[in-house]
Amino acid sequence: MSRITKLWQGASKAADPSDRRFAAFVAAMSAVVILLVIGFVVLLTIDSMPSIRKFGFGFLTGSVWNPVETELNHVNFGTLPFIFGTIVTSIIALVIATPLALGSAIFVSEYAPSWLGGPVSFIIELLVAIPSVAYGIWGLFVLVPFMRGSVEPFLQTVLRHVPILGSLVAGPPMGQDLLTGGVILSIMILPTILSLSREIIAQVPRLQKEGMLALGATKWEVLSQAILPYARGGIIGAAMLGLARAIGETMAVTMVIGNSSRKISASLFTPGYTIASAIANQFTEADSAMYFSAIVELGLVLLLVASVFNVTSRLLVSRLVARKEGADV
Amino acid sequence: MYRAGESGKFLRRRLVGGASVALAATLAFLSVGILFLIVGHVIVNGVASLNADFFTKIPKPYGEAGGGIANAIMGTVIMTLLAAVIAIPFGVGTAIYIIEFGRGRFASAVRFAVELLAELPSIVVGVFIWALVVRNFGGYSGIAGSLALSVIMIPIIARSVEEILRLVPDSLREAALALGTPKWKVVIFIVIPTVLPSIFTGIMLAVARAAGETAPLLLTALGNSFFNFDLRKPMAAMPLQIYTYAVSPYDDWHNKAWASTLVLIAIVGILSGAVKFYTRRWKHESH
Amino acid sequence: MKKFVAVLGLVALVAAATIAQAVPGSGLVAKGVSGEAKNLTGAGATFPAVLYTKWFSEYAKKIGVQVNYQGIGSGGGIKSINDMTVDFGASDAPMADDQLAAAKGGHLLHLPMTMGAVVPTYNIPELSKAKRVLRFTADTLSGIYLGDITMWNDPKLVADNPELAKIDRYIVVVHRSDGSGTSNIWTSYLSAVSDKWAKSVGHGTSVQWPVGLGGKGNEGVAGNVKQTQYSIGYVEEAYAVQNKLPVAQVKNASGAWVDPTAKAVSAAAAGVTLPDDLRVMMVNSANPQAWPISGFTWLLVYQQQTDPAKALALTRLLWWNLHDGQAYAESLLYVPLPADAIKKAVVLLKTITVNGAPALPPELANY
């Protein structure tokens, strides 16, 4: 940062009282933002305390979620089915979205002529503007029947007798299941991973790429030996950001995932819940104090996990940017 | 590296290079295709149900055909505008602080807070506002919905304005300072007017995002089957209506859901598309 | 022949009289009055939502009070009224004592509004033009929902429905994903008729469903059944019929195959003694004509109101629902309340006070 900028920023201690008032005003606005974040954590923690105290770690490892006391089943709030659903759908989303996003980013940055690359990436990034509920309705009316009628039976026929993969496709194809949840999430996080990957690939020092090309390397070799190794950390960061988004996504997933918190099964064709969809479905009816507290605790868990992934992602990406600034010739 | 007679290896390398280009191109066009597929379905399924009634009438009882979503459109407009009014001062103020005054640990904390707020799952925002507002101040209401939307908008506005302000060259500030203008006047009367259109587009981006949010409104605004302009009562909103109608069995409701999605995507897409188009060069400009 | 015509005439007369006869007390709430709130908010059960949305649409036109009702499930209704985030709640599951104890505003009253039938409905493309609907017994329904019967051509199903023999498909079971009074009625029925169900799953607004997909609200279940081939679900009758989904027959406790007609539901109610607080279930009735999966649905209101304008609007609304509203029930496939239920409900209605004074206006209270 230039000397003048540092001077500029320090000018809040200037003599003019209006300056001090102005500085105080914007500082207050900013303080509210910090208070908001703190408020989130504090309020959610306070409301989760009953559940935290009662279940402790069992909250995350218990596999029975039973909100209503019946003669047979005591009230219990184990969130493993939700965590399982979140993990499975997020992994599926990453597995599908990352190659698509990375391939598109590489195409746009390295291979496409600029008249093509610009519009292509613009269009793909428009995907991020589509509201979640729009993905949900498309998912429910178009994707689910397609999965149930074509994709899932196909996968079942192909993989049924393969040792481990076979159990992933066991059972009747429901359409509304973990697999479809993962697919819709992959479309939603695709633009996120794409735009960040594009930025990262753009950070690779031109000298490296041009040097290799001058030595006669093919495009693939430039990619695999200059770009990808350099950008690897950043690309992982981009994937992590996509993951953070996938974890927090609510509406589209709720509408296609089947909403059933049964025992955890290996098959992707079972209906499930993610943490976010469980909260959306059950919050308004959490009528007992413990039920309410459990749902709020679930929200707290979601908040913490999404934030951790977000922060890690930014760290990874910023390290790459720092490296570039250091390596700039 | 190559010797005469190594043509096989050379050819293989060239083929692999070509294949990787082809692969990348395929992946890119697949991704493009997905967008067209989704938007295409929405248009095809939604366009037939757009009629005058759709935009002017309120919903009919369960099972009766006809009616419209006028109250949901009004509700979305009202809550989003109110959310913008609440969010703009905080978003812009925070961005000004970070760029124009930001030094030391407090500024870093602010930037960190903005980042965290930006990635909050929107359902968690709903839970927070429910616990804070709905529970203590008389129930589900439009004002609670607006507050939830404003929490989502603040970080979007803050980040966007921050990027814009960062691009304003230091020379502008230095010149004004050299002329003896107090800092606050420099910021308000010189820096901001320079970038006002861009700030506006940042706000549009936040509005586009907020207009499409459903999860927080489920827990705060609840929904309303009538026209309602009283913010202390529950309000209808387009995304809520889409969700309710889509998961229902009624064909008439499905048609309305598609039509509402079309209207929503049109508004949101046009706003976001215009913003993205306008700002597409920013990330690559150096400072 | 003459005798036949005479009997037919008598039946028609009785039917006409029953249908045309408005509940005494109707017409007293006919237009808006000053001092009443112009807006009320209610939330809860989707079971009666078809009827309630019709009621409130008419009420807004006739009386000018907008009653905003949102179907978020009985569980949601109970929580909302407990937290006082709405003016009234709605539930088809009577509240348990501990839920009542958690209510923030004091004592909650259960006022029954109507009765209805929970029916099994299904989607089998090959049978869409079939003349006969499928028939289920306690055994087959509990077997399907337990996951013991997985295929449509299972011998137990084919025994009652020969047309299923060629349907070699998995059954996609649909249940509720939210806290539901309809689920409570359904699972209470299954618990009453199946020992295995009672021992492994039990009954409640939300249970550990052994198999199946979850739909939100009666609409969500009906929506899922409609969209998913070879599925089965349970919904309030109106949702099946309005969406042209078939309504199955069920064998009741006396061994008769019954359809969920108004008569069958009324028969279920006939044998039930109504407690004063009107919290009662009526599944698996012994009455030979009864539909075994019937239930009441209630509005939940606080006995001690605090806002005079709201209390006035609320009590007048409740009177209208209990009297004028009953005329709308049958055409929407709900069942009007029996006379003694209305009488007991009015007794409870009269106990509602606002700041110490009775809330129900005198012209209604003294009727």
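Residues numbered from 1 in each chain as written. Chains lettered and ligands numbered in written order. Predicted model: local features only at pLDDT ≥ 70, side-chain atom pairs only at ≥ 80, totals over all residues. Heavy atoms only, no water.

A.B. asks: Go over the overall build of chain C, please, and point to the residues and values.
C.D. replies: On a plain count of helices and strands, chain C comes out with 14 helices and 14 strands. Compactness check: chain C gives a C-alpha radius of gyration of 21 Å against a globular reference of 21 Å for 367 residues, within 12% of the reference. When each of the 367 residues of chain C is scored for burial, the buried share is 60%. Across chain C, contacts joining residues at least 24 apart in sequence account for 75% of those joining residues at least 6 apart. When the accessible surface of chain C is totalled, it reaches about 13500 Å², and 58% of it is carbon and sulfur. (Helix = DSSP H or I, 4+ residues; strand = E, 2+ residues; numbered from the N terminus. Rg over C-alpha atoms; globule rule 2.2 N^0.38 Å. Buried < 20%, exposed > 50% of the residue type's maximum accessible area, 1.4 Å probe, protein only. Contact = heavy atoms within 4.5 Å. Areas by Shrake-Rupley, 256 points an atom, 1.4 Å probe, with all protein chains shown as cover.)

A.B. asks: So what's going on with the interface of chain B and chain C? Which residues, and what values?
C.D. replies: Interfaces are often sized by the amount of accessible area the parts lose when they come together. If you look at the interface, chain B gives 25 residues, while chain C gives 32 residues. Buried area between chain B and chain C, summed over both chains or domains, comes out near 2200 Å², and the portion from carbon and sulfur atoms is 58%. The largest contributions to the chain B side of the interface with chain C come from Tyr62(B), Phe226(B) and Pro249(B), which together make up 31% of the buried area. The interface formed by chain B and chain C contains two salt bridges. (Buried area = accessible area lost by both parts, 1.4 Å probe. Salt bridge = Lys/Arg side-chain N within 4 Å of Asp/Glu carboxyl O.)

A.B. asks: Give a description of helix H8 (residues 183-211) of chain B that names residues and reports values.
C.D. replies: With 29 residues, H8(B) ought to run about 42 Å at 1.5 Å a step, yet its terminal C-alpha atoms sit only 36 Å apart, falling short of that. The axis of H8(B) is deflected most strongly, by about 65 degrees, at Leu196(B), and proline Pro197(B) appears within four residues downstream. (Expected span 1.5 Å × (residues − 1). Bend = angle between axes of the 7 residues up to and from the residue.)

A.B. asks: Talk me through the environment of Met49(A); I want residue IDs and the actual numbers.
C.D. replies: Residues and elements named next belong to chain A. With respect to the element layout, Met49 can be found in helix H2 (residues 17-55). The exposure class of Met49 is partly exposed, given its relative accessible area of 28%. Taking the C-alpha atoms as reference points, Met49 and Met290, separated by 241 residues in sequence, lie 9.6 Å from one another.

A.B. asks: An account of the confidence of the model for chain B is needed here, citing residue identities and associated values.
C.D. replies: When the pLDDT values of chain B are averaged, the result is 87; 95% of them are 70 or greater. Note that pLDDT drops below 50 for residues 283-287 of chain B; the model gives that stretch four contacts with residues more than four away or on any other chain. (pLDDT = per-residue confidence, 0-100.)

A.B. asks: Break down the packing of helix H5 (residues 138-146) of chain C against helix H7 (residues 181-193) of chain C for me, with residues and values.
C.D. replies: Residues and elements named next belong to chain C. One way to put it is that H5 packs onto H7 with a least axis distance of 10 Å and a crossing angle of 115 degrees. Where H5 crosses over H7, the handedness of that crossing is left-handed. Contacts from Ala138, Leu141, Ser142 and Tyr145 in H5 reach Trp186, Tyr189, Leu190 and Val193 in H7. Class assignment for the residues of the contact of H5 with H7 results in seven nonpolar, one polar and no charged. (Axes fitted to C-alpha atoms, helices over the stretch in contact; angles between N-to-C directions. Left-handed = near helix turned anticlockwise from the far one by under 90°. Nonpolar A, V, L, I, M, F, W, Y, C, P; charged D, E, K, R; others polar.)

A.B. asks: Any details on the packing of aromatic side chains? Residues and values, ideally.
C.D. replies: A ring pair, where both rings are aromatic, is described by two values, the distance of the centres and the angle of the planes. This model, assessed by the stated rule, comprises 40 aromatic pairs over all chains. For the ring pair Tyr59(C) and Trp320(C), a centre distance of 5.3 Å and an interplane angle of 70 degrees mean the geometry is edge-to-face. Note that Tyr59(C) is positioned in helix H2 (residues 49-63) and Trp320(C) in helix H12 (residues 308-322), a separation of 261 residues in sequence. Ring-pair connections join several aromatic residues into one group, and the members of that group are Tyr52(C), Trp55(C), Phe56(C), Tyr59(C), Tyr69(C), Phe88(C), Trp320(C) and Tyr328(C). One Lys or Arg, Lys79(C), reaches over the ring of Phe283(A) and ends 6.0 Å from the middle of that ring. (Phe/Tyr/Trp six-rings, centres within 6.5 Å; stacked < 30°, edge-to-face > 60°. Lys NZ or Arg CZ within 6 Å of the ring centre and 35° of its normal.)

A.B. asks: Please give an account of the sheet that holds strand S12 (residues 304-305) of chain C that cites residues and values.
C.D. replies: Residue and element names in this part refer to chain C. One open sheet holds the three strands; their spatial order is S12-S13-S14, and the pairing between them is mixed. The outermost strands of the open sheet, each flanked by one partner alone, are S12 and strand S14 (357-358). In terms of strand pairing, S12 meets strand S13 (residues 353-354) through two bridges, oriented parallel. What sits directly across from Gln305, in S13, is Val354. (Pairing = 2+ DSSP bridges.)

A.B. asks: Hey, could you go over the sheet that holds strand S9 (residues 249-251) of chain C for me, with residue numbers and the actual values?
C.D. replies: Residues and elements named next belong to chain C. As summarised here, the arrangement of the three strands in space is S5-S9-S10, forming an open sheet in which the pairing is mixed. Both outer strands of the open sheet, strand S5 (135-136) and strand S10 (257-258), are each paired with one neighbouring strand and no more. Across two bridges, the pairing between S9 and S10 is antiparallel. Along S10, the bridge assignment pairs Lys251 with Trp257.

A.B. asks: Quick rundown of the interface of chain B and chain A? Include the residues and the values.
C.D. replies: Each partner contributes residues to the interface: chain B has 92 residues there, and chain A has 90 residues. Both sides together, the interface formed by chain B and chain A hides about 7900 Å², and carbon and sulfur atoms give 79% of it. If you look at where chain B meets chain A, you find five salt bridges. The salt bridge involving Arg314(A) is made with Glu115(B); its shortest N-O contact spans 2.6 Å. Here chain B and chain A share 12 residue pairs in polar contact (both at pLDDT 80 or more) between them. Per-class residue counts for the side of chain B that touches chain A are 64 nonpolar, 14 polar and 14 charged. (Polar contact = N/O pair within 3.5 Å; in protein donor to acceptor, adjacent residues only side chain to side chain.)

A.B. asks: Pulling in residues and values, what's your account of the pattern of salt bridges?
C.D. replies: Think of it this way: side chains of opposite charge can pair up when their charged atoms draw near. Applying the stated criterion across every chain yields a total of 31 salt bridges over all chains. A salt bridge links Arg166(B) to Glu162(B); its shortest N-O distance comes to 2.7 Å. In this pair, Arg166(B) and Glu162(B) are both assigned in helix H6 (residues 142-167), four residues apart and thus about one turn of the helix distant. Residue classification places Arg166(B) among the partly exposed positions, given a relative accessible area of 35%. Lys79(C) is the salt-bridge partner of Asp83(C), the closest N and O atoms lying 2.9 Å from each other. A residue pair is termed a helical-turn pair when its members lie 3 or 4 positions apart in one helix, as Asp83(C) and Lys79(C) do in helix H3 (residues 74-83) at four residues. The two residues Asp83(C) and Lys79(C) agree in class, both being buried.

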